[in-house]
Each structure stands twice: as C-alpha cells, then as structure tokens.
Amino acid sequence: MVTTNKLSNNKKVLQAQVTRLTNEIEELYLEKEESKKNVLHFMQEADLARQEAKRALETLDQSTVLSSAWTRISNLDDTCLTQLLTLLDHHAVDEWAQLRSDHVSLQSTLDQTRDEVHATRVALEEETKRANLMKKRWQNAEYQLEKAEHIIDSNKMTQEKEIRQEYQSKLNQSEQSQLHWKNQCEKLISQNALYEEQTKASKAKEIHLMLVNKTLKQEIRKLNREERELVNLEYLRNVILKFLERKNTRAQLVPILSTLLQCSQEDQTRLFQLTQNTITS
C-alpha cells in the first residue's frame, strides 16, 4: 500500500513536470513563431535596404560623373569660368544646384541605408542565435517530455503489476477463506444430519417413553383404585362391625354406611327406620 502511494505521488510529480514541459514547449513554439516573423520582417527590411542601396549606388554613379565635371570646372580659371557661366543660362545653373543638393541628399541616404543594413544584419544574427537557442531548448524540452512519458509508462506498468499481484494475493486469500468456510459448512451439514438422526431417535424414544409412562400411569391408577377398594372394604368392615356391636351408635353410623354402600335416599331412610326399631325393641 505504501509503494502504491509512493508511485501515485511520483506519477503526480511526473504529470506536473509533463504539464510544465508542455507549457514551456508551447511558449517556445510561440517564441519561435514570433522570432520567425521578426526574421522575415528583418529580411524584408534588408531587401528594401539593399534595393535602396542599389538605387543610391546608381544615383551615386551619376553623382560621381557630376562631381568629376564639377572638379574639372573648379580647376578652370576665372576667365574660363566666366565664359562658361555666360554660356549657361539661368535654368541650367538651377538644375546644377539641384543636382548637387540631390547628390548630398543621396549620399546621406546611402550612409543611413548602410547603417540600417548593418543594424539589420546584427539583428538578424541575434535572431538567428535566439532561434538556435530556442531550437536547443525545444529539443531539450522534447527530450525531457519523452523521458517523463517513459518514466510515467514505466511507473504505470510497475503500478499495474503491483496492483495485479495485490489483487491476486487477495483472490488467493479469498479462495482459501472460501475453501475453509466450505469445509466448515460441510462439517456443519454432517453434524446437522447427525443431530437430525439423534433427534429422530430421541423422538422415537420419547414416544416409547410416553407409551411406557401412559401404561405405568394406567397401572398406577389401577393399583390405586384396588388399594382404595381394599381400604374401603376394610373401613366398611369396621363400620359394619361397630354398627352391629353398638346399638346406641347405629343412628350415627347410618350416613357412613349409606356413603360406603352408595345407598339411595330411600335405602338410607329404611336403614334409619331399622335402627330406630332396633333401639325401641
């Protein structure tokens, strides 16, 4: 049970690690997409900068020709310069001044474009390094995730194996307990059958004893009746002897004789009259 709890806790920890790694992978994926967008943006800006630089170089070539002409003009003396200026009209002078201004502006734009190209290259290198770092982190996170999943699968298999062993042990114990109670049940059934046989024998014996008891009671009643009859005969004999011997007590013995002889009222009256006549005579 302790091992199961430990495996459950390890499983929870690994699941938390997997969740954290999954979140990190999602964040890295978002950062990778953002970095990819930034790289594409810098590449577009670099292309634009290259195009502008190309145009600036073309303009610079034209400006170089103009600059060479200007240098040659600057080397002329005042007389030649005055003659040249006389030949040029006012519109040409303005156009020349505009070209010179454009040359300066293009030179400044070219320098700015070169700086932007350099900054773009530096940013592109940084984004490339960042992308490589993110790729390494991504690979490391995937490795950690695979490792965690492998550990989870291993722990799951171990836990399932232990659970199966535990259930198998409980099943064996249950089978042993079932076998024990089955034996107990069979033993109780055999004891119950024996008790039923003993009960049947006891009932038969009880019936026999009841019959014997009934017979004995009848014999006892018969003996008691005979004994009472003997006692009554002896008592009757004594009463009759007293009745015959003592004339003066015969009237008192008439009810007793009537009871012993089970005389009717008429017989009792006749006995009473007989005793009266005997006393008178």
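Note: the structure precedes this text.
Quick caveat, the model's predicted, so the values are computed rather than measured. Every chain's residues receive numbers from 1 upward, in the order its sequence appears when written. Local features in this predicted model are restricted to residues of pLDDT 70 or higher, and side-chain atom pairs are both shown and tallied only at a pLDDT of 80 or more, whereas totals for entire chains, interfaces and linings draw on every residue. As a rule here, side-chain values come from all non-hydrogen atoms in the structure, and water together with hydrogens is ignored.

Draft legend 1. Summary view of the overall build of the protein chain. Helix and strand assignments come from DSSP, with helices taken as H or I runs of at least 4 residues and strands as E runs of at least 2, each series counted from the N terminus. Within the protein chain, the secondary structure is distributed over 5 helices and 0 strands. A 1.4 Å probe rolled over the protein chains alone gives each residue an accessible area, and that area as a share of the maximum for its type sets the label: buried under 20%, exposed over 50%, partly exposed in between. Each of the 281 residues in the protein chain was classed as buried or not, and the buried ones make up 13%. Residue pairs at least 24 apart in sequence account for 72% of intrachain contacts in the protein chain once pairs closer than 6 positions are excluded. Of the roughly 22,900 Å² of accessible surface on the protein chain, 54% is carried by carbon and sulfur atoms. The criterion used for residue contact is that any of the two residues' heavy atoms lie within 4.5 Å. Each accessible area is a Shrake-Rupley estimate made with a 1.4 Å probe; only the visible protein chains count as cover when residues are assessed.

Draft legend 2. Quick peek at the pattern of salt bridges. Salt bridges are defined by distance alone: a side-chain nitrogen of Lys or Arg within 4 Å of a carboxyl oxygen of Asp or Glu. A full pass over the atoms with the stated rule returns 1 salt bridge. In this structure, K170 and E166 form a salt bridge, with 3.7 Å as the shortest nitrogen-oxygen distance. Of this pair, K170 and E166 both sit in helix α3 (residues 90-245), 4 residues apart, which is roughly one turn of that helix. For K170, a relative accessible area of 44% gives the class partly exposed. Judged by its relative accessible area of 29%, E166 is partly exposed.

Draft legend 3. Here's a closer look at the nonpolar core. Membership of the largest hydrophobic core is limited to 7 residues, which are L14, V18, I25, A141, L145, A148 and I152. Broken down by element, this core gets its largest block of residues, 4 residues, from α3. Setting aside residues no more than four positions away along its own chain, I25 makes contact with W138, A141, E142 and L145. Listed in part, the 6 residues of the second largest apolar core include L236, F243, L253 and V254. By convention a nonpolar core is built from buried Ala, Val, Leu, Ile, Met, Phe, Trp, Tyr and Cys residues, the set being connected through side-chain atoms within 4.5 Å.

Draft legend 4. Geometry of a nonpolar patch on the surface. Patches here are clusters of residues that have more than 30% relative accessible area and form no salt bridge, with a 9 Å joining cutoff for like charges and a 5 Å cutoff for nonpolar side chains (Val, Leu, Ile, Met, Phe, Trp, Tyr). Taken together, V212, L216 and I220 make up a surface patch of nonpolar side chains, about 240 Å² in accessible area. Topologically, L216 is positioned in helix α3. With a relative accessible area of 47%, L216 lands in the partly exposed category.

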